[in-house]
Amino acid sequence: MLIYYSFGFLLFAVFFVGHILKSEEILGAAVLVNGINAIYFFFASYRYPEFTQKTMPVLSAGSKKAAMLSSIDVPSILSRLEKIIATEEGFRDQNITVQSLSTQLEIQNHQLSRILKDYLGYNFRSYINQKRLEEAKRLLTGKTEMSIIDIAYAVGFNSKSSFNAAFSKDTGLTPSNYRKTALPTS
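Residues numbered from 1 in each chain as written. Predicted model: local features only at pLDDT ≥ 70, side-chain atom pairs only at ≥ 80, totals over all residues. Heavy atoms only, no water.

Draft legend 1. Expanded view of the packing of aromatic side chains. Scanning all chains against the criterion turns up five aromatic pairs. Aromatic side chains Phe42 and Phe43 sit 5.2 Å apart centroid to centroid with 80 degrees between the ring planes, which places their arrangement in the edge-to-face category. A residue is classified by how much of its surface remains accessible, and Phe42, at 44% relative accessible area, is partly exposed. Relative to Tyr127, the ring of Tyr122 has its centre 6.2 Å away and its plane inclined at 55 degrees; by these criteria the two rings are tilted. Here the aromatic cluster, defined as three or more aromatic residues joined through ring pairs, consists of Phe157, Phe163, Phe167 and Tyr178. Geometry around Phe157 places Arg132 over its ring, the cationic atom sitting 5.6 Å from the centre. (Phe/Tyr/Trp six-rings, centres within 6.5 Å; stacked < 30°, edge-to-face > 60°. Buried < 20%, exposed > 50% of the residue type's maximum accessible area, 1.4 Å probe, protein only. Lys NZ or Arg CZ within 6 Å of the ring centre and 35° of its normal.)

Draft legend 2. Structural view of the side chain of Ser102. The topology assignment puts Ser102 in helix α6 (residues 98-105). Take Ser102: its relative accessible area is 1%, and that puts it in the buried class. Sequence-distant contacts of Ser102, defined by excluding residues within four places in its chain, comprise Ile107, Gln108, Asn109 and Leu112. (Helix = DSSP H or I, 4+ residues; strand = E, 2+ residues; numbered from the N terminus. Contact = heavy atoms within 4.5 Å.)

Draft legend 3. Expanded view of the environment of Ala86. Among the secondary structure elements, Ala86 is positioned in helix α5 (residues 74-87). Considering only alpha carbons, one finds Ala86 and Lys131, 45 residues apart in sequence, at a separation of 8.3 Å.

Draft legend 4. Quick look at a nonpolar patch on the surface. Where nonpolar side chains cluster on the molecular surface, the patch consists of Ile3, Phe7, Leu10, Val33 and Tyr40 and spans about 420 Å² of accessible area. Of all elements in the fold, only α1 (2-21) and α2 (24-47) reach the threshold of two or more residues within the nonpolar patch. Phe7 sits in the partly exposed class, given a relative accessible area of 37%. (Patch = residues over 30% accessible without salt bridge, like charges linked within 9 Å, V, L, I, M, F, W, Y side chains within 5 Å. Areas by Shrake-Rupley, 256 points an atom, 1.4 Å probe, with all protein chains shown as cover. Salt bridge = Lys/Arg side-chain N within 4 Å of Asp/Glu carboxyl O.)

Draft legend 5. Focus on the layout of surface pockets. In this structure, the largest pocket spans a volume of roughly 190 Å³. Lining the largest pocket are Tyr122, Arg125, Ser126, Asn129, Gln130, Leu133, Ala165, Ala166, Lys169 and Asp170. Put simply, the parts of the chain that give the lining of the largest pocket at least two residues each are α8 (124-142) and α10 (160-171). At five residues, α8 tops the list of elements feeding residues into the lining of the largest pocket. A class-by-class count of the residues in the lining of the largest pocket yields four nonpolar, three polar and three charged. (1 Å grid on protein atoms, 1.4 Å probe; cavity = no way out; pocket = protein on both sides within 12 Å on 5 of 7 lines; lining within 4 Å. Points joined across faces, edges and corners; volume = space filled by probe spheres on them. Nonpolar A, V, L, I, M, F, W, Y, C, P; charged D, E, K, R; others polar.)

Draft legend 6. Geometry of α6. Turning to α6, its buried residues are Val98, Leu101, Ser102 and Leu105. Seen end-on, α6 carries its buried residues on one side only, within an arc spanning 100 degrees. Those residues of α6 that are buried are in contact with α5, α7 (109-120) and α8. Where α6 ends, the next residue or the one after it, Glu106, has phi of about 60 degrees, a positive value. (Arc of directions from axis to C-beta.)

Draft legend 7. Geometry of the confidence of the model for the protein. Of the residues in the protein, 84% reach a pLDDT of 70 or more, and the chain-wide mean stands at 82. Looking across the protein, the model is least confident in helix α4 (residues 61-69), with a mean pLDDT of 57, and most confident in α10, with 92. (pLDDT = per-residue confidence, 0-100.)

Draft legend 8. Highlighting the nonpolar core. Core analysis: the biggest nonpolar cluster contains 18 residues, and Ile85, Leu101 and Leu105 have the highest contact counts within it. Counting residues per element, the ones that place at least two in this core are α5, α6, α7 and α8. With five residues, the top contributor of residues to this core is α5. Those residues within four positions of Leu105 in sequence are excluded, and the remaining contacts are Ile77, Arg80, Leu81, Ile84 and Leu112. Listed in part, the 13 residues of the second largest apolar core include Leu139, Ile148, Ala152 and Ala166. (Core = buried A, V, L, I, M, F, W, Y, C linked by side-chain atoms within 4.5 Å.)

Structure (structure tokens):
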């Protein structure tokens, strides 16, 4: 590498002198030597890649996660997320996606997914379903005049079967059995 840099410095001096003297012969020789120097560097980079190629550090999985979230204020995002989901009842939207929610939060999709996973322990769909199920439980015990299908649609599920499956997985009971066990008998 010392040879390459020495030739580079020498070439700079020859080009400078050639321009000052306005000599085509000196400039032509400098161009020829520059080509030879480039060929030397090309072959030297194959023989000694540790001198000519910059290696990228390999990040550990923890470093990648930290780098992904390093530029954002996670507590602020969590607060805004809770506001959108609870106050604006974003979970009720049947068409909510990680893209639409991350756009509202002004972060990228993968950042929202990482925050949900690392800080709340959910993937996106599980997080939304959990919020929907919390509201469904409240409605099942509080609004007894609402049918189960009406509650399913009201909280954002698009079918009774998906509501029943999610509810049973979460509570171990069907929505109707939950309502029966949660309501006091008269």
